[in-house]
Amino acid sequence: MRTEFLFLNPLSTSVLPPSGDGWQAAVLLIDTFTTAQQQWLTQLPPHLPCLIISTTKHRDQLPPSGHWLALDDFNRQRFFQSLGPLQQQVLRNIPAPLQRNEFFTRLRQQLTQADHGYYLQVLQCRWLRHQHDRDSWQQRESIQQEFERTISRRAPAGAIIGRILDDQLVVVSDNYYELHADWLPLQPDDDDRPWVVYHSSPLCISGFSALSAVLQEGVQQIARERLVQEAQFEWRQQDTGLSLLSGIHLALQRDEFYLEYQPQFDSRTGALVGAEALMRWRHPALGVIPPTVFIREAENAGLIQALGQWALRETISAWCRLQELLDHPLRMAVNVSFPEVADPFYTRQVLDLLDQFGMPPQFLELELTETAMMRDASVSLLNLRQLKAAGVHIVLDDFGTGFSSLSHLSDLPLTGIKLDRAFVSPLPDHGPQSHIVTTMLDLANRLKLETTAEGVEDSACLEEIRRLGCDRIQGYIYARPLALGELISQAKSGFPEHSGFTQGRLF
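Attention in this report is confined to the structure presented alongside it. What you see is a predicted model; the values in this text were computed from it and never measured.

### Some words on the packing of aromatic side chains
Now for step 1: All told, the structure shown has seven aromatic pairs when counted by the stated rule.
Now for step 2: Ring centres 5.8 Å apart and planes at 50 degrees place the aromatic pair phenylalanine 103 and phenylalanine 104 in the tilted group.
Now for step 3: By relative accessible area, phenylalanine 103 is classed as buried at 0%.
Now for step 4: Pairing phenylalanine 257 with tryptophan 310 gives two aromatic rings, centres 6.3 Å apart and planes at 55 degrees, and the pair type is tilted. Note that phenylalanine 257 is positioned in strand E10 (residues 257-266) and tryptophan 310 in helix H9 (residues 304-325), a separation of 53 residues in sequence.
Now for step 5: Members of the aromatic cluster, each reached through a chain of ring pairs, are Tyr119, Tyr176 and Tyr177.
Now for step 6: The ring of tyrosine 258 has arginine 282 lying over it, and the distance from NZ or CZ to the ring centre is 4.2 Å.
Now for step 7: The ring of tyrosine 476 has arginine 480 lying over it, and the distance from NZ or CZ to the ring centre is 5.5 Å.

### Brief notes about the nonpolar core
Now for step 1: Judged by nonpolar contacts, the single largest core of 77 residues is most densely connected at Phe257, Tyr261, Met332, Leu364, Leu366 and Ile417.
Now for step 2: The greatest single-element share of this core, amounting to 10 residues, is contributed by H9.
Now for step 3: Phe104, Val122, Leu211 and Phe338 belong to the second-largest nonpolar core, a separate cluster that totals 24 residues.

### What about the pattern of salt bridges?
Now for step 1: All chains considered together, the criterion is met by 15 salt bridges.
Now for step 2: We note a salt bridge from arginine 280 to glutamate 260, for which the minimum N-O separation is 3.3 Å. Here arginine 280 is found in strand E11 (residues 272-283), whereas its partner glutamate 260 is found in strand E10, with 20 residues between them in sequence. In this structure, arginine 280 and glutamate 260 share a single accessibility class: buried.
Now for step 3: A salt bridge links arginine 331 to glutamate 450, with the nearest nitrogen and oxygen atoms 2.7 Å apart. Taken together, the positions of arginine 331 in strand E13 (residues 331-335) and glutamate 450 in strand E17 (residues 450-454) put the pair 119 residues apart, joining distant regions of the chain.

### Thoughts on the environment of glutamine 490
Now for step 1: Mapped onto the fold, glutamine 490 is located in helix H18 (residues 484-493).
Now for step 2: Of the residues examined, glutamine 490 reaches a relative accessible area of 27% and is grouped as partly exposed.
Now for step 3: C-alpha separation for the pair glutamine 490 and proline 263, spaced 227 residues apart in sequence, amounts to 9.8 Å.

### Brief notes about the state of the cysteines
Structurally, a disulfide amounts to a covalent bond that connects the sulfur atoms of two cysteines.
Now for step 1: If you walk through the whole model with that rule in mind, you get zero disulfides.
Now for step 2: With no disulfide of its own, cysteine 470 has cysteine 461 as its nearest cysteine by sulfur position, at a separation of 9.6 Å.
Now for step 3: The class of cysteine 470 is buried, set by a relative accessible area of 1%.

### Things to note about H18
Owing to its 3.6 residues per turn, the α-helix brings residues three or four apart onto one side.
Now for step 1: For H18, the set of buried residues is Leu484, Leu487 and Ile488. One side of H18 carries all its buried residues, which in axial view fall inside an arc of 100 degrees.
Now for step 2: Along its buried surface, H18 packs onto E10, E11 and H9.
Now for step 3: In the stretch just after H18, glycine 494 is the one whose phi turns positive, near 100 degrees.

### Here we look at the side chain of histidine 393
Now for step 1: With respect to the helices, strands and loops of the structure, histidine 393 is situated in strand E15 (residues 393-399).
Now for step 2: Taking relative accessible area as the criterion, histidine 393 reaches 17% and is therefore assigned buried.
Now for step 3: At 3.1 Å, the side chain of histidine 393 and the backbone oxygen of glutamine 362 are in polar contact.
Now for step 4: Leave out the neighbours within four places in its chain, and histidine 393 touches Arg331, Pro361, Gln362, Leu364, Glu365, Leu366 and Thr415.

### Here's the deal with the environment of tryptophan 68
Now for step 1: Relative to the assigned elements, tryptophan 68 resides in strand E4 (residues 67-70).
Now for step 2: The exposure class of tryptophan 68 is partly exposed, given its relative accessible area of 23%.
Now for step 3: Sequence spacing of tryptophan 68 and threonine 56 is 12 residues, and the spatial spacing of their C-alpha atoms is 9.7 Å.
Now for step 4: Apart from the residues lying within four places of it in its own chain, the contact partners of tryptophan 68 are Leu51, Ile52, Ser54, Thr55, Thr56, Arg59 and Leu62.

### Here we look at the packing of H9 against H18
Now for step 1: With their axes 11 Å apart at the nearest point, H9 and H18 run at an angle of 30 degrees to one another. Between H9 and H18, the angle is such that the two are roughly parallel. Crossing hand, H9 versus H18: right-handed. Here H9 contributes Ala318, Arg321, Leu322 and Leu325 to the contact with H18, which in turn contributes Leu484, Leu487, Ile488 and Lys492.

### Description of unusual backbone geometry
Now for step 1: If you check the backbone angles, aspartate 255 has positive phi at about 60 degrees while not being a glycine.
Now for step 2: Taking relative accessible area as the criterion, aspartate 255 reaches 64% and is therefore assigned exposed.
Now for step 3: A positive phi angle, near 60 degrees, is found at lysine 448, a position not held by glycine.

### What about the pairing of strand E16 (residues 416-419)?
Now for step 1: Taking every second residue as pointing to the same face, both faces of E16 are buried, with Gly416 and Lys418 on one and Ile417 and Leu419 on the other.
Now for step 2: Of the strand pairs in this sheet, E15 and E16 are connected by three bridges, and their pairing is parallel. Paired with leucine 396 across the bridge in E16 is isoleucine 417.
Now for step 3: For E16 and E17, the ladder comprises four bridges, and the chain directions are parallel. By the bridge assignment, isoleucine 417 is partnered in E17 with threonine 451.

Scoring rules and cut-offs
- Residues numbered from 1 in each chain as written.
- Predicted model: local features only at pLDDT ≥ 70, side-chain atom pairs only at ≥ 80, totals over all residues.
- Heavy atoms only, no water.
- Phe/Tyr/Trp six-rings, centres within 6.5 Å; stacked < 30°, edge-to-face > 60°.
- Buried < 20%, exposed > 50% of the residue type's maximum accessible area, 1.4 Å probe, protein only.
- Helix = DSSP H or I, 4+ residues; strand = E, 2+ residues; numbered from the N terminus.
- Lys NZ or Arg CZ within 6 Å of the ring centre and 35° of its normal.
- Core = buried A, V, L, I, M, F, W, Y, C linked by side-chain atoms within 4.5 Å.
- Salt bridge = Lys/Arg side-chain N within 4 Å of Asp/Glu carboxyl O.
- Disulfide = S-S within 2.5 Å.
- Arc of directions from axis to C-beta.
- Contact = heavy atoms within 4.5 Å.
- Polar contact = N/O pair within 3.5 Å; in protein donor to acceptor, adjacent residues only side chain to side chain.
- Axes fitted to C-alpha atoms, helices over the stretch in contact; angles between N-to-C directions.
- Parallel < 35°, antiparallel > 145°, perpendicular 65-115°, else oblique.
- Left-handed = near helix turned anticlockwise from the far one by under 90°.
- Pairing = 2+ DSSP bridges.

Everything listed here is a matter of coordinates, which is why it stays silent on function.
Shown next as structure tokens:
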């Protein structure tokens, strides 16, 4: 669907009364006013977005629904400013892209009935922080709707448009040349739009069974394009958030990200049973940055999936090295974000990596927050169920902090829960906090879920957690996050019951 502004002068005798058929917007210039012209204006469809340029004395005679610009002080700047509200009205009238399931259903029907070829293009949006707002994202939902409707407006006629992720759209059309043309919105130097769009080339899709491979190729093309383009992009703003954002895309290339591993212990025997992989960024100017600082920026930049894939590969590789050097295998935990688990091909990617490295699925643990699990039940939960069925451990992280944890606990494909440190450290041996933890552990036990307590930092907390029956312990009382070499060395020599260092946190 393409939207063009229709510029008309009602004074022209060659212009017929408007029917509105096919019109999506109109810009009218009226410098005199007659009865015939007033009748002409009354025939304008009331829903039609319209900008009327006329003199002040004629304003009362104009349709009240249109946007008005004074001809008396007309200039180029005021004209283009007046087009903004008109464009917003046009965008609101354009249908939104199809949701994921509806898009897949529609595409399957289209490809099954087609007697000719179709072409698919993957689009990804990078959200930019508004230049006048340093602390928050400006009306994210409104910005996303503007982006999606802009794509719908400019896409080839008859194209199928679907939203795969919040920042990712797919456009399918039988017109290769229109998809290949420069139809996507560019970002002029003087444009204040808070997004930039990246796209793959038009990719031929012969049938619905080929969708997985075609989408994967499109995503890979976008990743390559982003690395090239953003490496040349210079930010005019110098605040810390933007300097982090602009550096994330280069950090993977420069090997600035690394993992540390915090050991996990059996609460009954004290034996080392696993480790959680924690991502760090060794920034060349800012030093070591914890994930609480840069993960959100990576999500906003659309790079969280690339970071997640890197972390998963590194964790599995670390398991292989530990397997060679230790007497018994450990279970390795890695954090997963919503964009990763919402990817329709995530299960296949995880299982392929496990098969590639020869790591049995039961030694991998994926930690997700409740928000990541419940945000899109149609895809994320399907992925998690498949991974659980394959033997991978699925753990609900930060348990107790979500509003609906208890109500949804039995519906989620879980093997365990992880008590948030807010409930664990410090944990008194009596009082409401202890009762809450007791209830959580009892509920998990009834549901046959393994329990892990993070943030155990002193002897009193350790003894109380053991008494309440938590299965696994993670915290500074045993070990802070360690480099892989340190983890191996400590595992061989044995971890002390107390590390003796000053308590503190990276998070």
